[in-house]
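Below are the chains, spelled out letter by letter.
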Amino acid sequence: MMKTTRTDLRNLAIIAHVDHGKTTLVDGLLQQAHVFHENKVIRERVLDSNDLEREKGITILSKNTAIEIADPETDQLVKINIVDTPGHADFGGEVERVLNMVDGVLLLVDAAEGPRPQTRFVLQKALELGHKVIVVINKVDRKLADTSQVLNDTFDLFIELGASEEQASFPVVYAIATQHRAGHTPDIGPDLQPLFETILKSIPAPVVEIDHPLQMLVTSLEYDNFRGPTAIGRIFAGEIKIGEQVVYLTSDSKIVPGEISYLYDYQGLDRREVDQARAGEIVAVAGLEGITIGDTISDPQNPISLPRIKVEAPTVRMSFGVNTSPFFGKEGTWKTSRKLRERLFREIKSNLALRVEETKNTDTLLVSGRGELHLAILIETMRREGYEFHVSRPEVILQTSSSGEIMEPFEEVRIEINPDDIGIVMESLNNRQGELKEMRELSTGTVLLTFLAPTRGILGFRHHFLTMTKGTGVLNTAFHSFAPQAGSVDARSHGSLVAWETGITTTFGLKNAEGRGTLFIGPGIEVYRGMVVGENQRPDDIEINVCKAKHLTNMRNSIREINQRLVTPREMSLDQCIEFLADDEFLEVTPKNLRIRKRILDHGTRIRESKREEEKVIG
C-alpha cells in the first residue's frame, strides 16, 4: 500500500501542570487564527466549558478544536487539530486515550515555577508513545522568571523520564499567553507567529495509507438524545463517508455492523458536518449503537482491529448507594436505585478509567477510580444533575501477586513547602508510612520533598497538610506502582460530634457543643439523629444535643440569648467531607446539601454493633 504524508494536517495535544496557562494559550491560538468574528465577545478560557473546570481552574475533560493557518514556506493552508488534555494524574484515563490521537505535543512550562509534578505524569505518557515535544516556556514576564534555569530543569526531566536523543533535542518557544505573544528567545515578538512556525516545522505531518481499508480508533464518546452515541477518534487508514456501511470491532472480538448517519470534523470551537474524511483526521461519527471507547471502526469487507487503548487500573473505590437518611427524597430529583445504576453505568462508557461493580445489596454499587479527585468530580457532577445518594469513605484496591503476596497501590508524593514546615510534614508522612526519596531547595526559597507513600496513607491527608502549612504548601500525587503492603497507618485523630435528636439547631445547643470541638453548622439548620455536626477534639465520638432550647424566665434572659455569639462554623467542601469520613460514616449527597452521617443512625444500635465487631476481632 502507498503511504501518503498529509502536509496539510497536524495533530497535537497541549499538556501542562495545573494553572501554567495551557487553556489561555489556546485562546490566543484561536484568536490569531481568526476563528472568532471581529465583533464577537470572546470569553476567557473558552475550552474550560465545564462549570467545574471554570470553578477549579483545572482541565478535567479533553476537548478538540482546530485552526487553519498558512505555511509561510509553501503558502499551503494547514489544518492544526488541537487537543486540550487534563493536567492532573487522577484523570489519567483521559490523558492516555487522547494522546493516541496526536503526533506531537506542546509542553507548557511556567517560567518561574519550572516543570511540576503533573507535568511529569502527562509528559511521561507522551514520551512513551514516541511523540515529538515542543517546549513552551510561558509567563516570561513574571517577576521571578528564570528561563535558563527552567530550560535546564526541563531538559533534566526529559532525561529522567527516559526521552530518546531526538526527543531530548526539543525546540523551545518563549511566550506570554495572556498577551498572545511568543518568540524564539525570551525577547518575544508581537504575536504568536513564532509558535505557529515551530508547530509546522517540528510536529510531524501524519503519514497515512489513504488507499488502505478504513481503520478508525474510538478514543472518546459523547451522548446525544437525537443522534445517539457520538464516537470521536482519529482515522488511521482509509477514508470514511456519510451514509457508508461500516463495522466496529469490540473488546471481545465481535464484529458489529452499522451505518455512518452523521460525520463531523472540527473547525475552531465548532463541529462541522462533512460528507467524507480521510486518514490522519480527527472526526466524530454518529449512528453506531453500542460502540465503546477502544473499538475500531473498519471496512466490512476487510475488518482489521487497531491495538486497544490501555488504561492503568483504578486504585481507590467508594460505595454509591441510595440515600437512607430521614431526609430522603426532599432535595433530589433522581433518587431511586434504578436511576443511580443507570447513571453510573452510563458514565463508564465515556470515563475509561472508572469501574462500576454490583454488590450483594441491590441499592449499593461499588465505584472504582484513579484517585479521590477522580471520584469527587463524578460525585459533584451527579449532584449538579439532580441526583441524591450517599457515598462511603474511600478505600484502596488491593491486588494479589503471582506468589500470593498482598500488594497495595503506592503514590509518588511531591510536596513544596517553606523550610519552617519540614519537620511537621515529615513526621506526619512518616506516620503514614511515607518514605523520603529526595529533598532539594528550589530557586524560589521553598523546599521540594519527594516521598513514596501508600495510597491509604494519603487518603484524607490533603486537608491536614494545608492546616500544617497554613495553606502555603503545595501537594501533588501521582500513582507510582503496586508494592507489598506497608505497615499500619495513623487513623483519624479526631472523632465526630453527632446530633442526639432530630430537630432545628439552636444557638443555645450549639454554644454548649462549641466547647467540645469545631462545628460544621450554624443555628436554624434542620438536623437528624445520627448526623455529624462537628469534629470532636478527642478521638472518640460524642452524642450532643444541638437542638436544645434554653428555658427563658424573663425579658433580660431573652435579650442575653439573642446576644450570644457563636464561632463561625467550618464550611466543608465536598473534598473536605470525603477526607473527613470515618469507616462507620456515610456522606449524604444532594443537589442542595452535603451531610456527614453515621451509617447506623441510632446511638444504642451503634454501640451494640461496635461491641460485636470488637468481640469478633478478639475471638
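From a predicted model like this one, the values you see are computed outputs, not experimental measurements. (Residues numbered from 1 in each chain as written. Predicted model: local features only at pLDDT ≥ 70, side-chain atom pairs only at ≥ 80, totals over all residues. Heavy atoms only, no water.)

K.L.:
Explain the nonpolar core to me, please; I cannot follow it from the model alone.
P.N.:
Proteins that are soluble and globular tend to have nonpolar side chains buried together. Counting 37 residues, the largest nonpolar core has Leu107, Leu123, Val133, Val135, Ile137 and Phe158 as the members making the most contacts within it. Tallying contributions element by element places helix 4 (residues 117-128) first for this core, with 5 residues. In contact with Leu123, not counting residues within four places along its chain, are Ile15, Leu107, Val133, Leu157, Phe158 and Leu161. (Core = buried A, V, L, I, M, F, W, Y, C linked by side-chain atoms within 4.5 Å. Buried < 20%, exposed > 50% of the residue type's maximum accessible area, 1.4 Å probe, protein only. Helix = DSSP H or I, 4+ residues; strand = E, 2+ residues; numbered from the N terminus. Contact = heavy atoms within 4.5 Å.)

K.L.:
I would appreciate a short explanation of the environment of Ala126 in the present structure.
P.N.:
Secondary-structure assignment places Ala126 in helix 4. For Ala126, a relative accessible area of 0% translates into the label buried. Sequence separation between Ala126 and Leu107 is 19 residues, and the spatial gap between their C-alpha atoms is 9.9 Å. In this structure, Ala126 is in contact with Ile15, Leu99, Val105 and His131, ignoring residues within four places of it in sequence.

K.L.:
Can you help me understand helix 1 (residues 22-32) in this one?
P.N.:
An α-helix turns once per 3.6 residues; consequently, residues spaced three or four apart project the same way. Along helix 1, 8 of the 11 residues are buried, which leaves the element largely enclosed by surrounding structure. Those residues of helix 1 not exposed but buried are Lys22, Thr23, Leu25, Val26, Asp27, Gly28, Leu29 and Leu30. Check the buried side of helix 1 and you find it contacts strand 2 (9-16), strand 3 (63-70), strand 4 (77-84), strand 5 (104-110) and helix 7 (193-202). Following helix 1 by one or two positions, His34 adopts a phi angle in the positive range, close to 60°.

K.L.:
Is there a simple way to explain unusual backbone geometry in this structure?
P.N.:
The bulk of non-glycine residues show a negative phi, and the bulk of peptide bonds are trans. Located in the positive-phi region is Asp75, a residue other than glycine, with phi close to 65°. As for its placement among the helices and strands, Asp75 is situated in the loop between strand 3 and strand 4. The backbone of Gln433 sits at a positive phi, close to 65°, despite the residue not being glycine. The topology assignment puts Gln433 in the loop between helix 10 (422-431) and strand 27 (435-441). Its relative accessible area of 30% is what places Gln433 among the partly exposed residues.

K.L.:
Explain helix 12 (residues 461-468) here, please?
P.N.:
Within helix 12, the full set of buried residues consists of Phe461, Phe465 and Met468. Viewed along the axis of helix 12, the buried residues span an arc of 65°, placing them on a single side of the element. Against the buried residues of helix 12 lie strand 26 (406-417), helix 10, helix 11 (455-458) and strand 29 (474-484). Where helix 12 terminates, the next one or two residues include Lys470, which has phi positive at roughly 55°. (Arc of directions from axis to C-beta.)

K.L.:
So what exactly am I meant to see when it comes to the side chain of Thr315 here?
P.N.:
Tracing the sequence through the fold places Thr315 in the loop between strand 19 (296-298) and strand 20 (316-321). When its relative accessible area of 1% is taken as the criterion, Thr315 is described as buried. Within the structure, the side chain of Thr315 is placed 3.4 Å from the backbone oxygen of Arg370, a separation counted as a polar contact. (Polar contact = N/O pair within 3.5 Å; in protein donor to acceptor, adjacent residues only side chain to side chain.)

K.L.:
Is there a simple way to explain the side chain of Ser496 in this structure?
P.N.:
Mapped onto the elements, Ser496 comes out in strand 30 (residues 496-499). Under the relative-accessibility criterion, Ser496 is labelled buried at 0%. Within the structure, Ser496 has its side chain in polar contact with the side chain of Glu585 (distance 2.7 Å). Apart from the residues lying within four places of it in its own chain, the contact partners of Ser496 are Val532, Gly534, Asn536, Asp540, Asp541, Ile542, Phe580, Glu585 and Lys598.

K.L.:
What am I meant to see in the sheet that holds strand 19 here?
P.N.:
By definition, the strands of a sheet pair up through backbone hydrogen bonds, in either a parallel or an antiparallel sense. Reading across from one edge, 14-13-19-10-11-18-15-16 is the order of the 8 strands in this open sheet, with antiparallel pairing throughout. At either margin of the open sheet sits one strand with a lone partner, and together these are strand 14 (255-259) and strand 16 (270-273). Averaged over all adjacent pairs, the angle separating strand axes in this sheet is 40°, with direction ignored. Where strand 10 (residues 215-224) lies against strand 11 (residues 228-237), 9 bridges are found, and the strand directions are antiparallel. Bridged to Leu221 within strand 11 is Ala231. (Pairing = 2+ DSSP bridges. Axes fitted to C-alpha atoms, helices over the stretch in contact; angles between N-to-C directions.)

K.L.:
What exactly am I supposed to notice about the packing of helix 10 against helix 12 here?
P.N.:
Axis angle and axis distance: for two packed helices, these are the angle between their axes and the distance between the axes, and together they describe the pair. Contact geometry of helix 10 with helix 12 gives a least axis separation of 10 Å together with a crossing angle of 160°. Comparing the axis directions of helix 10 and helix 12 gives the class roughly antiparallel. In terms of crossing hand, the pair formed by helix 10 and helix 12 is right-handed. Every residue of helix 12 that contacts helix 10 at Ile424, Val425, Ser428 and Leu429 is listed here: Phe461, Phe465 and Met468. In terms of residue class, the contact of helix 10 with helix 12 is made up of 6 nonpolar, 1 polar and no charged. (Parallel < 35°, antiparallel > 145°, perpendicular 65-115°, else oblique. Left-handed = near helix turned anticlockwise from the far one by under 90°. Nonpolar A, V, L, I, M, F, W, Y, C, P; charged D, E, K, R; others polar.)

K.L.:
Sorry, what's going on with the pattern of salt bridges here?
P.N.:
Going through the model one piece at a time under the given rule, you end up with 34 salt bridges. In this structure, the salt-bridge partner of Asp8 is Arg6, at a minimum N-O distance of 3.0 Å. Between Arg414 and Glu412 there is a salt bridge; the shortest N-O distance is 3.5 Å. Owing to a relative accessible area of 22%, Glu412 belongs among the partly exposed residues under this scheme. One connected set of salt bridges, linked through shared partners, spans Asp110, Glu113, Lys139 and Arg142. (Salt bridge = Lys/Arg side-chain N within 4 Å of Asp/Glu carboxyl O.)

K.L.:
What's the story with the packing of aromatic side chains in this structure? I'm lost.
P.N.:
To describe a pair of aromatic rings, one takes the distance between the centres and the angle between the planes. Evaluated as defined, the whole model comprises 8 aromatic pairs. Taking the centre distance of 4.6 Å and the plane angle of 35° together, the rings of Phe158 and Phe170 count as tilted. Taken together, the residues span a long stretch of sequence, with Phe158 in helix 5 (residues 147-160) and Phe170 in the loop between helix 6 (165-168) and strand 7 (172-176) at a distance of 12 residues. Centroid distance Phe320 to Phe389: 5.5 Å. Interplanar angle 10°. Geometry classified as stacked. (Phe/Tyr/Trp six-rings, centres within 6.5 Å; stacked < 30°, edge-to-face > 60°.)

K.L.:
In this structure, what is going on with the packing of helix 8 (residues 337-350) against helix 9 (residues 372-384)? I would like to understand it.
P.N.:
For the pair helix 8 and helix 9, the least separation of the axes is 12 Å and the interaxial angle reads 130°. One element, helix 8, and the other, helix 9, form an angle in the oblique class. Relative to helix 9, helix 8 is oriented so that their crossing is right-handed. Here helix 8 contributes Leu340, Arg343, Leu344 and Glu347 to the contact with helix 9, which in turn contributes Leu378, Thr381 and Met382.

K.L.:
How do you make sense of the pairing of strand 15 (residues 262-267) when you look at a structure like this?
P.N.:
Where strand 15 meets strand 18 (residues 282-286), 3 bridges bridge the pair, whose relative direction is antiparallel. Note on strand 18: the bridge partner recorded for Tyr262 is Ala286. In this structure, strand 15 lies alongside strand 16, joined through 4 bridges in antiparallel fashion. Paired with Asp265 across the two strands is Arg272, which belongs to strand 16.

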